[in-house]
Amino acid sequence: MTVQRDQGYVTSVLGTGSYLPERVVTNEEIEARVPGASAGWIADRTAILERRYAAPDEAASDLAVHAARAALDHAGVDADSIDFIIVATTTGDAPIPSTASLVQLALGARRAACFDVNIACTGFVTALSIARAYVALDPATKVLVIGSDVWTRFIDFGDRATSVLFGDGAGAAVVGSVPHAPGDPERGLLKVELVSRADAHELISMPAGGSRRPASVETVADGGHLLSMRGRGVRDFVLDNVPGLIAGLLKRSGCQPADVRHFVPHQANGRLVAELAEASGLERARTHLPLCHSGNIGSASVPVALDAANRSGVLRDGDLVLLAGFGAGMAAGAALLRWTGTEGGTR
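The model shown is predicted, which means the values in this text are computed figures rather than measured ones. Once a new chain begins, its residue numbering starts again from 1 and follows that chain's sequence as written. Two thresholds apply to this predicted model, a pLDDT of at least 70 for residue-level local features and 80 or more for giving and counting side-chain atom pairs, whereas whole-chain, interface and lining totals are computed over all residues. As a rule here, side-chain values cover all heavy atoms of the structure and leave hydrogens and water aside.

Enquirer: What should I look at first to understand the overall build of the chain in this one?
Expert: Only runs of H or I of at least four residues qualify as helices and only runs of E of at least two qualify as strands under DSSP, and these elements are numbered from the N terminus. When you go through the chain residue by residue, the secondary structure sums to 11 helices and 14 strands. Computed over the C-alpha atoms, the radius of gyration of the chain is 19 Å, within 12% of the 20 Å expected from 2.2 N^0.38 for a compact globule of 347 residues. Across its three principal directions, the C-alpha atoms of the chain cover 60 × 45 × 35 Å. Three labels apply to residues, based on accessible area from a 1.4 Å probe with only protein chains included: buried if under 20% of the type maximum, exposed if over 50%, partly exposed otherwise in between. Within the chain, buried positions represent 54% of all 347 residues. Contacts are assigned to residue pairs with any non-hydrogen atoms lying within 4.5 Å of each other. Residue pairs in contact within the chain that sit at least 24 positions apart in sequence constitute 77% of those at least 6 positions apart. Each accessible area value is a Shrake-Rupley result obtained with a 1.4 Å probe; residue values ignore everything except the protein chains displayed when judging cover. With the model as given, the accessible surface of the chain reaches about 14,200 Å², and the carbon-plus-sulfur share is 51%. Restricting the calculation to C-alpha atoms gives the radius of gyration, and the globule rule supplies 2.2 Å times the number of residues raised to the power 0.38.

Shown next as structure tokens:
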């Protein structure tokens, strides 16, 4: 996918936002609740020190609305100007209506078409690629892309492999067009690469609650509605697939790993992300890793990390920024951006 240069515009991130719930859950609290999980072991194995849990009355749409409002304000865009709302979530409020529709209602974005994307931790990058396509068709289009998950409602606290990792949160980006003079270097959202490996789908699952195993007394009793993850298999999948995907994306963009200034990965596990950065040749890039205070927040991980980097002021005009998501499906995706001066609310 290439930038539509003949139109005099490129697709860009106009503003970002994020939201983490108020309740902070430390490793010490997890240690008291999860057998065999000491606070020190969690920090050493995951780099997570604390995570956020949604309040009892907060659902995925509530978190998404907070993040969306922050992104709209950052971009200087009114909700009525949004043409599409895309919510990446695996833990939406309910099977129907879409979580995006509930976000639309809360924001008053009356013009927007709304839908959800369910590709777990690859969801935000996937939604970003869809937004890019819409803007390429019509430069006047503005898309609100949100990643929001409330994973703590689906954790088995008897399972050390998952219960130490996950938190709740939401991140958002307003995607639109910015002027681009023909002949100038490519800017904005340059390329996106997405892959799926369905033969590995059993590595991460929540087997009950759908049409194959509808909710019943039995599915609740056997934990079918709780997250199951094979940690070693997930690690092997990531290291076997994502570095090659990143290498291919960079090659097709005419770039080298050393050209990347900022690496914004899915916040799966601090140790895994460090291994991924090394395997991808991104040691010189600044890896943004706010998971030490947020934990793994699924579809929200990438946009929350991007917003943290954006608001810290370290993303400079012209910097090459690489986003990477990976997770259930199994699926992976990467997006390459040449950061523009209009991004980050600096218009």
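Enquirer: I would appreciate a short explanation of the pairing of strand β4 (residues 84–88) in the present structure.
Expert: With 5 of 5 residues buried, β4 is to be regarded as a mostly interior element. Both faces of β4 are covered, namely the face carrying Phe-84, Ile-86 and Ala-88 and the face carrying Ile-85 and Val-87. Pairing between two strands requires that DSSP report at least two bridges joining them. Sheet topology note: the β4/strand β5 (residues 113–117) ladder contains 5 bridges and is parallel. Residue Ile-86 lies in a different strand from β5, and its bridge partner there is Phe-115. Throughout, right-handed denotes a crossover for which the path from the first strand over the helix to the second runs clockwise when the strands point away from the viewer. Once the chain exits β4 it traverses helix α4 (residues 99–107) before rejoining the sheet at β5, and the crossover so formed is right-handed. Direction of pairing for β4 relative to strand β6 (residues 143–150): parallel, over a ladder of 5 bridges. Counterpart to Ile-85 in the pairing with β6 is Leu-144.

Enquirer: I tried to follow the sheet that holds strand β7 (residues 168–179) on my own but got confused; where do I start?
Expert: Two strands in a sheet stick together by hydrogen bonds in their backbones, pointing the same way (parallel) or opposite ways (antiparallel). The 5 strands lie next to each other as β1-β7-β6-β4-β5, forming an open sheet whose pairing is mixed. Two strands bound the open sheet, and with one partner strand each, they are β1 (9–19) and β5. Across this sheet, the average inter-strand angle for adjacent strands is 20°, counted without regard to direction. In this sheet, β7 lies alongside β1 in antiparallel orientation, the contact comprising 10 bridges. Bridge pairing links Tyr-9 to Pro-179 in β7. Sheet strands in contact with helix α5 (residues 123–137) are β1, β4, β5, β6 and β7, and its direction is about 165° off that of β6. Across the sheet, helix α11 (residues 301–312) is in contact with β1, β6 and β7; its angle to β1 comes to roughly 95°. In this analysis, axes come from line fits to C-alpha atoms, helices being fitted only over the stretch in contact, and the angle between any two N-to-C directions falls in the range 0 to 180 degrees.

Enquirer: Just checking my understanding: could you explain unusual backbone geometry for this structure?
Expert: The omega torsion across Ile-96 and Pro-97 is 0°, close enough to zero to call that bond cis. With respect to the helices, strands and loops of the structure, Pro-97 is situated in the loop between β4 and α4. With an omega of -15°, the peptide bond running from Gly-329 to Met-330 counts as cis. On the secondary structure map, Met-330 appears in the loop between β13 (320–327) and β14 (331–338). The backbone phi angle of Ala-47 is positive, close to 70°, even though this residue is not glycine. Within the secondary structure, Ala-47 sits in the loop between α2 (39–46) and β3 (50–53). The residue Ala-120 is not glycine, and still its phi comes out positive at about 50°. Relative accessible area serves as the criterion here: at 6%, Ala-120 is assigned to the buried category.

Enquirer: For this particular structure, what's the right way to read α4?
Expert: For an α-helix, 3.6 residues make a turn, and residues three or four places apart therefore share a direction. Listed as buried for α4 are Thr-99, Ala-100, Val-103, Gln-104 and Leu-107. For α4, the buried positions fall inside an angular range of 145° around the axis, keeping them on one side. Arc definition: it is the arc formed by the directions from the helix axis to the C-beta atoms.

Enquirer: Hey, could you run me through helix α9 (residues 270–279) in this one?
Expert: The set of residues buried in α9 consists of Gly-270, Leu-272, Val-273, Leu-276 and Ala-277. When α9 is viewed along its axis, its buried side chains cluster within an angular range of 160° and face the same direction. Elements that come into contact with the buried residues of α9 comprise α2, α8 (231–252), β11 (262–265), β12 (286–287), α10 (291–294) and β13. Pairs of N or O atoms are called polar contacts if they sit within 3.5 Å, as long as, within protein, a hydrogen donor faces a hydrogen acceptor (for residues adjacent in sequence, only side-chain-to-side-chain pairs). Sitting at the head of α9, Asn-269 places a side-chain oxygen 2.8 Å from the backbone nitrogen of Arg-271. Following α9 by one or two positions, Gly-281 has its phi on the positive side, about 75°.

Enquirer: In this structure, what is going on with the pairing of β6? I would like to understand it.
Expert: Consecutive side chains along a regular strand alternate between the two faces of the sheet. Among the 8 residues of β6, 8 are classified as buried, and the element is accordingly described as predominantly covered. Taken together, the 8 bridges between β6 and β7 define a ladder with antiparallel strand orientation. The partner of Val-150 across the bridge, within β7, is Asp-168.

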